[in-house]
Amino acid sequence: MDTDLTIDIPSQTEDDVDETTGLRAHLRTATLSTGVWGNLVDPRVAHAVARADFDWVCVDQQHGYASGNDVLDLIGAVRAAGTSALVRLAWNRPEEIGRALDAQADGVIVPMVESAEEARAAVAGTRYAPAGRRSWGGTRSPLAPTANDVAATNAASACLVMVETPAAVERVEEIAAVEGLDGIFLGPFDLSLAYGMPIEELIADQGEDSPLGRVVAACRRNGITAGAFAGNLDRAAALRAHGFTMLAVISDDALVTQASTATAAEARDRLR
């Protein structure tokens, strides 16, 4: 019995795609993009959250519970609901970036980036050659939305880096200017710890030379997305006032807690 084990190798001579597509295009054009931070590991929860009217769900591999094969199931659950799936990686390593994208994430958020060199490494890990250094593998290609079209995949795969330290804020202009970077995603909790101030004080500073003001200004000057983790609606509104256009409004575990608390209180009130 003949068995065809041929794997279609992508063309290395395709012209680069100038226009971005998918989540990359959305982030570059949306005046507001809201999402949920995914800490939980159950794909049924991820799917339920993704069916709400958010623009994306981000699976957190750094501080959430997901690891290994969990990410594959969570990304699949989010995308099955017709919502974009991001992955916040544990660290800025090309193999982690590649595996998240091989699992069909629409993009990655890379933590603790402090320089243009580190940002360039993140972008390179997100894109196939000649635009980057992402390794092509045939294992996942049958499930890829763009099949083996290297240029189209590059055009669709988003890369954002996190600014979370004073050193990164000092270099935010050069980070934002890195070619191929889609956005900067602010980590306000780590940043507030690094500055030695409460997060409320950090976010309340509306000065043009404030850390948050410098991040937003650098993103605007370079035509990329200014994103941030909020965690609740009050912080989301305050970050929005700074000019951030991509906001992680709440996490999935916080949604479960809030809904459970509200329903329990209503039950006691209405059923007594």
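Above this text you will find the structure in question.
What comes next concerns the included structure. Everything numeric here is computed off the predicted structure, so don't read it as measured data.

Scoring rules and cut-offs
Residues numbered from 1 in each chain as written. Predicted model: local features only at pLDDT ≥ 70, side-chain atom pairs only at ≥ 80, totals over all residues. Heavy atoms only, no water. Helix = DSSP H or I, 4+ residues; strand = E, 2+ residues; numbered from the N terminus. Buried < 20%, exposed > 50% of the residue type's maximum accessible area, 1.4 Å probe, protein only. Contact = heavy atoms within 4.5 Å. Areas by Shrake-Rupley, 256 points an atom, 1.4 Å probe, with all protein chains shown as cover. Core = buried A, V, L, I, M, F, W, Y, C linked by side-chain atoms within 4.5 Å. Polar contact = N/O pair within 3.5 Å; in protein donor to acceptor, adjacent residues only side chain to side chain. 1 Å grid on protein atoms, 1.4 Å probe; cavity = no way out; pocket = protein on both sides within 12 Å on 5 of 7 lines; lining within 4 Å. Points joined across faces, edges and corners; volume = space filled by probe spheres on them. Phe/Tyr/Trp six-rings, centres within 6.5 Å; stacked < 30°, edge-to-face > 60°. Expected span 1.5 Å × (residues − 1). Pairing = 2+ DSSP bridges. Axes fitted to C-alpha atoms, helices over the stretch in contact; angles between N-to-C directions.

**Structural notes on the overall build of the chain**
Looking only at helices and strands, the chain features 13 helices and eight strands. Counting only residues that meet the buried cut, the chain has 46% of its 272 residues in that class. In the chain, 65% of the contacts between residues at least 6 apart in sequence involve partners at least 24 apart. Working note: accessible area of the chain is about 13600 Å², and carbon and sulfur atoms make up 51% of it.

**Points about the nonpolar core**
Note on soluble globular proteins: their nonpolar side chains tend to be buried together. Counting 58 residues, the largest nonpolar core has Val-161, Leu-181, Ile-184, Leu-239 and Phe-244 as its most contacted members. Those residues in contact with Leu-239, other than ones at most four positions away along the chain, are Leu-186, Ile-203, Leu-212, Ala-228, Phe-229, Ala-230, Phe-244 and Leu-247. Among the nonpolar cores identified, the runner-up in size contains 14 residues, and Trp-56, Leu-86, Ile-109 and Leu-160 belong to it.

**A look at the environment of Asp-102**
Tracing the backbone shows Asp-102 in helix α4 (residues 94–102). What makes Asp-102 partly exposed here is its relative accessible area of 22%. Side chain to side chain, Asp-102 and Arg-134 meet in a polar contact 2.9 Å long.

**Here we look at empty space enclosed by the protein**
Tallied over the full model, the rule gives one cavity of 30 Å³ or more. Considering only enclosed or pocket space, the largest cavity measures out at about 60 Å³ in volume. Elements with a minimum of two residues in the lining of the largest cavity: β1 (33–38), α2 (43–50) and β2 (56–60). Broken down by element, the residue count for the lining of the largest cavity peaks at three residues, all from α2.

**Some words on the packing of aromatic side chains**
If you walk through the whole model with that rule in mind, you get three aromatic pairs. Centre to centre, the rings of Trp-37 and Phe-185 are 5.6 Å apart; their planes meet at 15 degrees, and the pair counts as stacked. Remark: Phe-185 occurs in strand β6 (residues 183–186) and Trp-37 occurs in strand β1; sequence separation between them is 148 residues. Taking relative accessible area as the criterion, Trp-37 reaches 4% and is therefore assigned buried. An angle of 75 degrees between the planes, with centres 5.4 Å apart, marks the rings of Trp-37 and Phe-229 as edge-to-face. Of this pair, Trp-37 sits in strand β1 while Phe-229 sits in strand β7 (residues 225–229); the two residues are 192 residues apart in sequence, bridging distant segments of the chain. Take Trp-37 and Phe-229: they sit in the same class, and that class is buried.

**Re the side chain of Arg-24**
Inspection of the secondary structure puts Arg-24 in helix α1 (residues 22–29). A distance of 2.9 Å separates a polar side-chain atom of Arg-24 from the backbone oxygen of Asn-154. Apart from the residues lying within four places of it in its own chain, the contact partners of Arg-24 are Arg-127, Asn-154, Ala-155, Ala-156, Ser-157, Ala-158, Gly-180 and Asp-182.

**Considerations on helix α11 (residues 211–222)**
With twelve residues, α11 extends 17 Å from end C-alpha to end C-alpha; this agrees with the ideal 16 Å at 1.5 Å per step. Taken as a whole, α11 has its buried residues at Pro-211, Leu-212, Gly-213, Val-215, Val-216, Ala-218 and Cys-219. Gly-223 sits one or two residues past α11 and shows a positive phi near 70 degrees.

**Here we look at the sheet that holds strand β3 (residues 84–88)**
Spatially, eight strands are ordered β1-β2-β3-β4-β5-β6-β7-β8 in a closed barrel, and the strand pairing comes out parallel. Ignoring strand direction, the axes of neighbouring strands in this sheet form an average angle of 25 degrees. The sheet contact formed by β1 and strand β8 (residues 246–251) spans five bridges and is parallel. Counted as the bridge partner of Thr-34 is Leu-247 from β8. Running over the sheet, α4 touches β3 and β4 (107–110) and is turned about 150 degrees from β4.

**A look at the environment of Thr-225**
Tracing the sequence through the fold places Thr-225 in strand β7. Judged by its relative accessible area of 2%, Thr-225 falls in the buried class. Counting along the chain gives 21 residues from Thr-225 to Met-246, while the straight-line C-alpha distance between them is 7.0 Å.

Spatial relationships are all this shows, so hold off on functional conclusions.
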